[in-house]
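Structural overview for review
This is what each chain is made of:
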Amino acid sequence: MASDQGFAVLLRNYRRRAGLTQEELAVRAAIGVRTVRDLERGRASRPQRTTAELLVGALDLTGFDRAAFLAAARGRPAHDSFPPEIPHPPDTPFLRATPTDDLIGRDADIARLVAGVPATGGPRGTTLVGVAGVGKTSLATVVAHRLADVHPGGVAGVAVGDDSTADELLDSVAAGFGAARSRDMSGHLAGGPALLFVDGVDRAPDAVREALAGLLDRVPGLRFLATGRQPSGLAEERVWPVVPLATPPAGLSVRTVAELVPYSAIGLFLERLGRVRRTRLAAHEIDPLAALVRRLGGLPLAIELAAARGRVRTIPEILAGYPGPPPHPDPARPQAVVPLHTVVAETYRVLAPAEQRALRLLAMFRHRWSRELAEALLDTVDDDRADVVHLLDRLVALGLLSVSGEDAVRFRLPAAVRDFATERASAEGELEDARKRHARLGPDTGSGYGVVP
């Protein structure tokens, strides 16, 4: 975070975490709102020390957060300004891939999880469980980053693949923490409690249980935060259900969009729609908007995919693209929800054939990967690299691809999108060739947080 732009990102993230607008932060800090805006946009030079201290007080930053903020304000790496009594986590690959998007409607979940995942005492692990597309990975990623300051032993992550073995997972975990081998981790993590993020425990449950059981036994200071459609089944595990976002009830009569905004599913749709459409909603779009998020079941991924279609479609037209069964005559009975698979398929159909094939190939990456790896997988030559950038940008715009990181940008296919694209690769007879292409990139490529170059 040595650059002005790095400080801008840090300021914006802390402000959003505090639930403040730019205007509210300016009032709390007793500084001009223009100052806050210019700092967040990277247009102003680094703040004066007095301004930085006022912002620290307004944001209620303490410990690791305070030291990191003041160091970034002076244009230095965070660790340069840590007093000896303030421990700080090692700069692991997982922590370098910082989340970039706000999680609308998840503030309460984040706060409760951060407060409820202790560095010592209590359950050794917490697993976020929910249906595909509900946002388990995004939520757990944000929480893991927030917990970094109370886990000075480090925070690392590993993504579980369908064919992962316990030994492969242990190797990835060791790499994520910077240890040569998993058996060396106990001594390597002597700096204090450490946190392991395990994404997708249900993809290889037996391997995950074996690997985690061994790690928890050998490394007393280790805790884990996991995601899955089902829990791991370990005795040390606490299960944390992740539910869809709140949607307006059927039969609700509203006249303005403002009346719908308190429902988090509406808030997410409008935020994503604002990225592709600058005009306000027309009056005839308000009721269809409420019906649309209900039909999508409040699933964040489905909502994001639907909102991306608002570039060229009205809300009623988007709603018509996800037909459901006729409404039940009993208005109190929950209406049928469109399957997530259908929502992904509708977006897949708008891709050109070459883009569809590229998505099927990119599904071979099990987790995060770089633009350079995408170019290598797609066998591009120098003249084609601009096309890959355009492709990645288009997939991001359509909601099929997420992006994270600041200095080193990494991409990820949501699990439901990756599963769908893999299914299509199999149907097209491409799966074996796609896996061979991926294998030629080298061992462990794209397999987890701790081993992505």
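The shown structure was predicted, so the numbers you read here are calculated from the model rather than taken from an experiment. (Residues numbered from 1 in each chain as written. Predicted model: local features only at pLDDT ≥ 70, side-chain atom pairs only at ≥ 80, totals over all residues. Heavy atoms only, no water.)

Moving on, we come to the confidence of the model for the protein. Taken residue by residue, the protein gives an average pLDDT of 81. The fraction at 70 or more is 82%. Segment residues 1–5 is flagged for pLDDT under 50; beyond a separation of four residues in sequence, or across chains, it makes 14 contacts in the model. Residue range residues 78–86 is modelled with pLDDT below 50. Its contacts to residues more than four positions away, or to other chains, number 12 contacts. (pLDDT = per-residue confidence, 0-100. Contact = heavy atoms within 4.5 Å.)

This paragraph deals with the pattern of salt bridges. This structure, assessed with the given rule, holds 20 salt bridges. Its salt-bridge partner being Arg209, residue Asp206 comes within 2.4 Å of it at the nearest N-O pair. Of this pair, Asp206 and Arg209 are both found in helix H11 (residues 205–218), 3 residues apart, which corresponds to roughly one turn of the helix. In this structure, Glu271 and Arg272 form a salt bridge, with 2.3 Å as the shortest nitrogen-oxygen distance. Of the residues examined, Glu271 reaches a relative accessible area of 30% and is grouped as partly exposed. On the accessibility criterion, Arg272 (11% relative accessible area) is buried. A cluster of three or more residues bridged by salt bridges with shared partners is formed by Asp162, Arg203, Arg229 and Asp419. (Salt bridge = Lys/Arg side-chain N within 4 Å of Asp/Glu carboxyl O. Helix = DSSP H or I, 4+ residues; strand = E, 2+ residues; numbered from the N terminus. Buried < 20%, exposed > 50% of the residue type's maximum accessible area, 1.4 Å probe, protein only.)

In summary, soluble globular proteins display a tendency toward joint burial of nonpolar side chains. By size, the foremost hydrophobic cluster in this structure holds 83 residues, and its most contacted members are Phe269, Leu359, Leu362 and Trp369. Top element by residues in this core is helix H14 (residues 300–308). It accounts for 6 residues. Residues Val158, Val160, Val208 and Leu212 belong to the second largest nonpolar core, which totals 27 residues. (Core = buried A, V, L, I, M, F, W, Y, C linked by side-chain atoms within 4.5 Å.)

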